[in-house]
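# Coordinates in review
Residues per chain are reported as follows:
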Amino acid sequence: GAVAHREAATKAASGKRREPGDALVRNVPQVSSSMFFAHNTALGPPFHVLIDTNFVNFSIQNKLDMLKAMMDCLCAKVTICITDAVMAELEKLGPKYRVALRLAKDPRFERLPAMRDGNTYADDDLVERVTAHRCYIVATCDKDLKRRLRKIPGVPIMSIKARKYEVERLPDSNSFL
């Protein structure tokens, strides 16, 4: 019946015959202990917000003071974190984006080194960082990066909507009290 069909499928997939005594091995990724179903208990004030290159540019376009607007959005103290890869991208954009670069060099922002040496692609660096440490909110306006981040459970995404910051997938704020 169904068991014979499943055994035939696994035998065909592995290429060798499975003995009845062999245990079926499952590959389940290790999930952080702070994850309670899809609720991330590691998130709480003061929030650490990782910002992407385009988020800095769009904040300037919408005339938003990043620290103040984030505090208004989250109603809590915020630590803005900027990775070396994002800084490198801003430097590569040239003189047209020097205001964004000057804003990113704000001493109130926390600088984070790259996850791997030589990794200058900011999107990969941000995804790798939040996969390893699920204690960040990621601020981005990049559709592709948002799509990649939605696949990682417990990572809220901040973006700009109607000249304000908005957060998706952040558990309701009364759970932090």
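### Regarding the environment of F109
For F109, the location among the structural elements is in the loop between α5 (98-104) and β5 (110-112). Since its relative accessible area comes to 7%, F109 is described here as buried. Taking the C-alpha atoms as reference, F109 lies 9.8 Å from V49; in sequence the two are 60 residues apart. Among residues more than four places away in sequence, those in contact with F109 are I51, M66, I80, I82, L103 and A104.

### Overview of the packing of aromatic side chains
Tallied over the full model, the rule gives one aromatic pair. Note on F55 and Y165: the rings are 4.8 Å apart at their centroids and 40 degrees apart in plane angle, and the pair reads as tilted. Of the two residues, F55 is situated in helix α2 (residues 53-61) and Y165 in strand β8 (residues 164-168); the sequence distance between them amounts to 110 residues. Comparing F55 with Y165, the two get one shared label, buried.

### Here we look at the packing of helix α6 (residues 122-132) against helix α7 (residues 143-150)
Packing of α6 against α7 brings their axes to within 11 Å, and their N-to-C directions diverge by 20 degrees. Taken together, the axes of α6 and α7 lie roughly parallel to each other. Of the two elements, α6 crosses α7, and the hand of that crossing is right-handed. Between α6, through D123, D124, L126, V127 and V130, and α7, the contact on the second element is made entirely by L145, R148 and L149. Grouping the amino acids of the contact of α6 with α7 by side-chain chemistry returns five nonpolar, no polar and three charged.

Rules and cut-offs
- Residues numbered from 1 in each chain as written.
- Predicted model: local features only at pLDDT ≥ 70, side-chain atom pairs only at ≥ 80, totals over all residues.
- Heavy atoms only, no water.
- Helix = DSSP H or I, 4+ residues; strand = E, 2+ residues; numbered from the N terminus.
- Buried < 20%, exposed > 50% of the residue type's maximum accessible area, 1.4 Å probe, protein only.
- Contact = heavy atoms within 4.5 Å.
- Phe/Tyr/Trp six-rings, centres within 6.5 Å; stacked < 30°, edge-to-face > 60°.
- Axes fitted to C-alpha atoms, helices over the stretch in contact; angles between N-to-C directions.
- Parallel < 35°, antiparallel > 145°, perpendicular 65-115°, else oblique.
- Left-handed = near helix turned anticlockwise from the far one by under 90°.
- Nonpolar A, V, L, I, M, F, W, Y, C, P; charged D, E, K, R; others polar.

Everything listed is a geometric property; what it means functionally is a separate question.
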